[in-house]
Amino acid sequence: MSPTPDATIQPYAEWPPHNQRFSADFDAWLRAGGYGESALTIYGAAARLALGWLNQPYWELDPAADLDRVREFVTARYASAGTRRLYGQGLTKLAEYLCQRCGQAPAPERAVNWDHYLAGLPAWLAADVQAYLDERLAAGRQPHTINVELSELLQFLHGLAEQGRPVCPRTLRLAPLQAGSSLPRDVPLDQLRRLQQELATEPGRLGLLDRAWFLLMLHSGLRVGEVRHLQGPDVDLAAARVRLEQAKGLKDRVVPLSSATVDALRDYLAVRGPVPVGTDHFFLYSHRPLSHTYCYDRLRTYGARCGVRVTPHQLRQCAASRA
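Criteria and cut-off values
- Residues numbered from 1 in each chain as written.
- Predicted model: local features only at pLDDT ≥ 70, side-chain atom pairs only at ≥ 80, totals over all residues.
- Heavy atoms only, no water.
- Helix = DSSP H or I, 4+ residues; strand = E, 2+ residues; numbered from the N terminus.
- Buried < 20%, exposed > 50% of the residue type's maximum accessible area, 1.4 Å probe, protein only.
- Contact = heavy atoms within 4.5 Å.
- Areas by Shrake-Rupley, 256 points an atom, 1.4 Å probe, with all protein chains shown as cover.
- Phe/Tyr/Trp six-rings, centres within 6.5 Å; stacked < 30°, edge-to-face > 60°.
- Lys NZ or Arg CZ within 6 Å of the ring centre and 35° of its normal.
- Core = buried A, V, L, I, M, F, W, Y, C linked by side-chain atoms within 4.5 Å.
- Expected span 1.5 Å × (residues − 1).
- Polar contact = N/O pair within 3.5 Å; in protein donor to acceptor, adjacent residues only side chain to side chain.
- Axes fitted to C-alpha atoms, helices over the stretch in contact; angles between N-to-C directions.
- Parallel < 35°, antiparallel > 145°, perpendicular 65-115°, else oblique.
- Nonpolar A, V, L, I, M, F, W, Y, C, P; charged D, E, K, R; others polar.
- pLDDT = per-residue confidence, 0-100.

### A word on the overall build of the protein
Counting secondary structure elements, the protein contains 13 helices and 5 strands. Residue burial in the protein is summarised as follows: out of 323 residues, 39% are buried. Residue pairs at least 24 apart in sequence account for 63% of intrachain contacts in the protein once pairs closer than 6 positions are excluded. Carbon and sulfur atoms form 54% of the exposed surface of the protein, whose accessible area is close to 18,200 Å².

Structure, rendered in structure tokens:
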């Protein structure tokens, strides 16, 4: 699909780290949106072409004007109409992601898959259920609340069916709306202290590493992904703050650091060692960035030692409760 290399397109290896991270984040955003491997390959290639050809920091790009220039470049560069069409679709998705990432427009509202939730219901009942749900959602009710209401209704109908009363069997197949998992409870203060004491006993570089990211979550409310992707230039110990790219809501934010966190980060840096070529991650384990499960696994290990069960989300909730 690709023609001969074009000297006007900056190679990916020569991109600044922030654009490389942005490209990887775009791929992850597409994957989270349910796109298949074929679309991921083509749309990702279109995004890399755009970033390499424009050769600007992603936050300076105009999703309309700059990407229109890229479309003109694609039209001139590719002879295949199919390739131009697919790359155009990829650039459209890139423009959407840029708008969300840089706060230029709100994220599009995700449509409810009514065919899935109402499958098997007669048309008249499906219309009534959809109207009811639309009204409840418009009134600000959360999916969990609506699911509770529907669950109570279904229990009532099941009771009628068990008594031999006529109930449409398809009504009992109504699927609940997709809802997020319930938030874990806050960690009791005595358990949190036991956990911190357990971390304080871990010797060597591993202990310094774990205490540093633990305090970032506990005191500054960082998420696991934000800890894992934290870059060296994003940490300003002198100003006691951290800059986070693509925080919740696809926006960048700056969070303050407590004095204890600053001390823990400095202690860790003193023993971290050299950063491998090709990465600028702040936290490293065995000379590599932290894995997806590292923080979960370490919290589970410390918790098992002192009889405390804590998740990273609960640490963040502790930070939020103090804010």
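From this point, the narrative continues.
### Let's talk about the packing of aromatic side chains
As enumerated under the stated definition, the model contains 14 aromatic pairs in all. Arranged with centres 5.2 Å apart and planes meeting at 45 degrees, the rings of Phe22 and Tyr97 form a pair that is tilted. One end of the pair, Phe22, is in helix H1 (residues 17-32); the other, Tyr97, is in helix H4 (residues 81-101), and 75 residues separate them in sequence. Judged by relative accessible area, Tyr97 falls into the buried class, the value being 0%. Aromatic side chains Tyr268 and Phe282 sit 5.9 Å apart centroid to centroid with 50 degrees between the ring planes, which places their arrangement in the tilted category. Of the two residues, Tyr268 is situated in helix H11 (residues 259-272) and Phe282 in the loop between H11 and strand E4 (284-285); the sequence distance between them amounts to 14 residues. An identical accessibility class is assigned to Tyr268 and Phe282; each is buried. Here a set of aromatic residues connected by ring pairs shows up, and it is made of Phe22, Phe26, Trp29, Tyr58, Trp59 and Tyr97. Positioned over the ring face of Phe282 is Arg272, at 5.6 Å from the centre of the ring.

### A short note on the nonpolar core
Trp213, Phe214, Leu265 and Phe283 are the most contacted members of the largest nonpolar core, which totals 39 residues. For Phe283, the contacting residues outside a window of four places in its chain are Leu209, Ala212, Trp213, Leu216, Val227, Leu230, Leu265, Tyr268, Arg288, Pro289 and Leu290. Listed in part, the 29 residues of the second largest apolar core include Trp15, Ala39, Tyr43 and Ala46.

### Overview of helix H9 (residues 204-220)
Side chains three or four residues apart in an α-helix point the same way, a direct result of the helix having 3.6 residues per turn. In a regular helix each residue adds 1.5 Å, so 17 residues correspond to 24 Å; H9 covers 24 Å between its end C-alpha atoms and thus fits that length. Taking burial as the measure, the 17 residues of H9 include 12 buried ones, the bulk of the element. For H9, the set of buried residues is Gly207, Leu208, Leu209, Asp210, Ala212, Trp213, Phe214, Leu215, Leu216, Met217, Leu218 and Ser220. Positive phi appears at Gly221, one or two residues downstream of H9, with a value of about 75 degrees.

### Remarks on the side chain of Arg101
By the element assignment, Arg101 lies in helix H4. Relative accessible area serves as the criterion here: at 2%, Arg101 is assigned to the buried category. Within the structure, Arg101 has its side chain in polar contact with the side chain of Asp25 (distance 3.4 Å). A polar side-chain atom of Arg101 sits 3.2 Å from a polar atom in the side chain of Tyr58.

### Thoughts on the packing of helix H2 (residues 37-54) against helix H3 (residues 65-77)
The N-to-C vectors of H2 and H3 enclose an angle of 105 degrees; their axes lie 10 Å apart at closest approach. Here H2 is positioned roughly perpendicular relative to H3, judged by the angle of their axes. Between H2, through Leu49, Ala50, Trp53 and Leu54, and H3, the contact on the second element is made entirely by Asp66, Leu67, Arg69, Val70, Phe73, Val74 and Arg77. Of the residues that constitute the contact of H2 with H3, the class distribution is 8 nonpolar, no polar and 3 charged.

### Quick notes on unusual backbone geometry
In the Ramachandran plot, Ser286 falls in the positive-phi region, its phi being about 55 degrees despite a non-glycine side chain. Within the secondary structure layout, Ser286 lies in the loop between E4 and strand E5 (288-289). For Ser286, a relative accessible area of 49% translates into the label partly exposed. One non-glycine residue with positive phi stands out, namely His287, at about 65 degrees. Structurally, His287 is set in the loop between E4 and E5. Here His287 falls in the exposed class, since its relative accessible area comes to 61%.

### A look at the confidence of the model for the protein
Per-residue confidence for the protein gives a mean pLDDT of 81; residues scoring 70 or more make up 83%. The spread of mean pLDDT over the elements of the protein runs between helix H13 (residues 312-322), the lowest at 67, and H11, the highest at 92.

### Looking at the environment of Gly90
Turning to its location among the elements, Gly90 is positioned in helix H4. Accessibility expressed as a relative area gives 0% for Gly90, which makes it buried. In the structure, Gly90 is positioned 43 residues away from Ala47 in sequence and 6.8 Å away in space, judged by C-alpha atoms. Apart from the residues within four sequence positions on either side, Gly90 is in contact with Phe26, Tyr43 and Ala46.

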